Amino acid sequence: MSLFFNKIFTLLITSPGNLIYHVLLVFLIAGTLQGAIHLLRSSQFPQARRTVFGLGILLGLQAVLFIVSGLALQGLLDPKTVLPPLDRAVTLLALVWIIWLWAFPEPMRLADSATVLLNLLVLTLFGLTLAFWAQNPGTSFNGSTFEMIWQGFSLAVALLGILGLAMRRPNGWGNGLAMLLLAFIGHLLSLIWPMDGDFPGFVRLTQLALFPILLTIVQRFPTSTSVRTPFVKTDNSAEEPTLERRRYSTDPKTLHALMSLAAEDNADKIGRAMTRGIAQAMLADLCFLLILAEDKSRSIACGYDLIREENLDGTAVNKDAIPMLANAIQRGRPLRLPASSTSSDLKGLGQMLGLTNPGHLLSVPITSRERGPLGGILILSSYSNRIWSAEDQAYLSNISTLFIPILERGQRASLLETERDQAHQDAQSAQEQAADEKKKYEEAAKELEKVNEKISQSQMQAENTAALLVMQEESQKTIESLKTQIEQIHQTGEVGGSPGDSAQLERELRQTLEEMARMQNAQADSNVKILELEQRPTSPITSEQVEVIASISQELRQQMSSIVGYTDQLLGESVGFLGAMQRKFIERIKTSTERIGVLVDDLIQITNLETGKMEFKAESIDLNLIIDNAMTYTGTQIREKNITLRLDIPEAAPGVQTDQDALQQIFIHLLQNATAATQSEGIITLRVQMQIESNKHFISIQVTDTGGGIASDDIPRVFTRRYQAEHSLIQGLGDTGVGLSIAKALAEAQGGRIWVETEAGSGSTFSVLLPVLLEAEEEK
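Residues numbered from 1 in each chain as written. Predicted model: local features only at pLDDT ≥ 70, side-chain atom pairs only at ≥ 80, totals over all residues. Heavy atoms only, no water.

Engineer: What exactly am I supposed to notice about empty space enclosed by the protein here?
Structural biologist: Counted by the stated rule, this structure contains five cavities of 30 Å³ or more. Its volume calculated, the largest cavity comes out at about 100 Å³. Leu 95, Ile 98, Ala 183, Gln 207 and Leu 210 are, among the 13 residues lining the largest cavity, the residues nearest its centre. Mapped by element, the contributors of at least two residues to the lining of the largest cavity are helix H4 (83–103), helix H7 (173–192) and helix H8 (201–210). Residue composition of the lining of the largest cavity, grouped by class: nine nonpolar, four polar and no charged. (1 Å grid on protein atoms, 1.4 Å probe; cavity = no way out; pocket = protein on both sides within 12 Å on 5 of 7 lines; lining within 4 Å. Points joined across faces, edges and corners; volume = space filled by probe spheres on them. Helix = DSSP H or I, 4+ residues; strand = E, 2+ residues; numbered from the N terminus. Nonpolar A, V, L, I, M, F, W, Y, C, P; charged D, E, K, R; others polar.)

Engineer: Could you clarify how one ought to interpret the pattern of salt bridges in this entry?
Structural biologist: A pair can form between side chains of opposite charge whenever their charged atoms are brought close. The final tally for this structure, using the stated rule, is 11 salt bridges. With a shortest N-O distance of 3.7 Å, Asp 313 and Arg 272 are connected by a salt bridge. One end of the pair, Asp 313, is in strand S5 (residues 310–316); the other, Arg 272, is in helix H10 (residues 267–282), and 41 residues separate them in sequence. In this structure, Lys 744 engages Glu 748 in a salt bridge whose closest nitrogen and oxygen atoms are separated by 2.7 Å. Note that Lys 744 and Glu 748 are positioned in helix H20 (residues 739–749) at a spacing of four residues, about one turn of the helix. Taking relative accessible area as the criterion, Lys 744 reaches 26% and is therefore assigned partly exposed. (Salt bridge = Lys/Arg side-chain N within 4 Å of Asp/Glu carboxyl O. Buried < 20%, exposed > 50% of the residue type's maximum accessible area, 1.4 Å probe, protein only.)

Engineer: When you look at the sheet that holds strand S14 (residues 753–759) in this model, what are you seeing that I'm missing?
Structural biologist: The strands that make up a sheet are held in pairs by hydrogen bonds between backbone atoms, and each pair lies either parallel or antiparallel. The strand order across the open sheet formed by five strands is S10-S12-S13-S15-S14, and the pairing between neighbours is mixed. One side of each edge strand has no neighbouring strand; the edge strands of this open sheet are strand S10 (644–648) and S14. Taken pair by pair, the neighbouring strands of this sheet meet at an average axis angle of 15 degrees, ignoring direction. Bridge analysis of strand S12 (residues 683–693) against strand S13 (residues 696–704) gives nine bridges, and the strand direction is antiparallel. Across the sheet, residue Arg 687 finds its bridge partner in S13, namely Gln 702. (Pairing = 2+ DSSP bridges. Axes fitted to C-alpha atoms, helices over the stretch in contact; angles between N-to-C directions.)

Engineer: Would you explain helix H12 (residues 344–353) in this entry?
Structural biologist: Residue pairs three or four apart in sequence face the same way in an α-helix, which turns once every 3.6 residues. Looking at H12, one finds that the buried residues are Asp 345, Leu 346, Gly 348, Leu 349 and Gly 350. Next to the buried residues of H12 lie helix H11 (323–331), strand S6 (335–337), strand S7 (361–368) and strand S8 (372–380). Within two residues after H12, Gly 354 carries a phi angle of roughly 70 degrees, on the positive side. (Contact = heavy atoms within 4.5 Å.)

Engineer: Got a minute to help me understand the packing of aromatic side chains in this structure?
Structural biologist: Describing an aromatic ring pair means giving the distance of the ring centres and the angle of the ring planes. Summed over the entire model, instances satisfying the criterion amount to six aromatic pairs. Between Phe 53 and Trp 97, the ring centres sit 6.1 Å apart and the planes meet at 75 degrees, which makes this aromatic pair edge-to-face. Taken as a pair, Phe 53 in helix H3 (residues 46–73) and Trp 97 in helix H4 lie far apart in primary sequence, 44 residues in all. On the basis of relative accessible area, Phe 53 is assigned to the partly exposed category, the value being 47%. Between the aromatic rings of Phe 719 and Phe 766, the centroid separation amounts to 6.0 Å while the plane-to-plane angle is 80 degrees, which identifies the pairing as edge-to-face. Remark: Phe 766 occurs in strand S15 (residues 763–771) and Phe 719 occurs in the loop between S13 and H20; sequence separation between them is 47 residues. With relative accessibility at 14%, the residue Phe 719 sits in the buried group. Classification of Phe 766 as buried rests on a relative accessible area of 2%. (Phe/Tyr/Trp six-rings, centres within 6.5 Å; stacked < 30°, edge-to-face > 60°.)

Listed below in structure tokens is the structure:
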């Protein structure tokens, strides 16, 4: 017996038996590849496509080994240095691809990546072995250290494949397990009992036993068969009963279900009638309608169970759970999948639909010439285990084209119904808003009455003040008159007047002086009141007024969102085509609406700053993200004016903490001002740095424009609130309202400061120095 096996091993590793071994393997793989190609043409299964790919690689590897062996036999290559490493590499690569073919019939990124990585490792080991073996060839490769490495590597790969097959258990996994066990035995015997020579006889013997099993790989997925019903044998017929092909239903219920579609205009009812009619026509156990929304999201609208004769509800679809089906619907391609225990698509559908056995799958797209893919029709054979053929696919595709106008009509009706409901809600909201506005108007009228009362009181005080001024003038006249009388008294005394007259004059003088003192006191009191009125600040905004402003702003935002939404639909031409002039007007409406939104935000921010209700929260920030958001916010204006924006920011900024919203608002207002000030084709420079002053950390922001500079007389008004009705515009400044004043208030509220440096004829640089906390300091 030992002599018999030695002769077999010698025949397998030496010529001409060596050549017969290679030819036999090539023919076995080629025969399997031919069967796989036939399966692919007849079924179009994705698994068949992967099988053809893997068998093609196996055939290529064996062909390379066969060609190199032939060249070595002709003496063109050194068989001692090239063939042994190449034989081990091809054997191990073939083992890797056999595992890939049996264990992973469906696409799986992790398994595909691992297979590619193993191929690279094998090729690397082959290169190293070839380099060292060519320099120091021994008497026998089987007795070398390289042989032990190759056999150990092969044993590990075979064991890994056995474990993978046992865990996944795909269709036909028993045959694959038998192949891997034979390969494992061959490599184990070669490692334990190495033979003389350069080629492993045990491995080649087991390969001759395992490769015929590879022929069964094309049979693990069943092919389509016809559904047949027997003829009823007539009395006049003497022939044996035959079988009749019966794939599609001729039941009157099917015609009734399809005809009911013509009268439906509700999208839900159309979908239910479609799935019921298709399930009855195709004799499909389950039929589902898949919808592809405009945002590329997928959902199952409805379904029908032919066995239970009941409608099925729809559900959301996770495209990651059904990758091949989602991709086929997206691209508008049909898809057929056989029942497989390892198919991620069938598992995902089973979980979404609550099916333990989804069965065989057939999906065809519903594609419109104008709008592209609208969705798809999905049928499953969960109960009958029917296999869908190319004929079924063609029949269902022809049916699906008839449903396109009906489905589009249902979608339009659904869209109109949605718009009607939205319009109804908008009308109710407008009525409620009108009632609220009326209530607020009444409240404002009451407030106005109170203000008018205060104004009346102020006017009365002003009239009193005017009366006091008149009294003051009269007192001054009286004083002048008294001075004249005193002079006369002195003159009379000098010429010797009567003592009685002098006493009378003194009494009148005393009374006059007392009256003058009273008038001066009254004047002083009035001056004090006038000063108090002049220095009294305006009434601060109350909390109720803040709430009113916030409520009005929120309602304005809601209305503007509706306007923007409808303008987007009009611009997208989802409800009809637009002319050039119509599109221009709608774009102006959208731009104006967005500008109103900015003004509303500024109003809310000014209110919060004035009332002291603006709260600043120090949190970890991503400086690059904040700058990107600010650039995105102002990007449209920058592109319209073709302005060059230069950035000078640290590549690796330290982690800091500050109020993220406030910092982003400062960036936005500074960039908006620079963009408006800079002429077309100009340059804006944004520079951000970290600074330390008095052991405190600051972030320095500088925005430089090329707007021509600001006059020195206008600099005091740069950061004040300016209104076009009361103030003239400042030359060289882009901000025309309250943007820079908001930036100043935000910076100062956090203990920072803002200033401007300008150069006439060149431009201006706005700088902000804002205190921040390092994350390391916060942790301490």
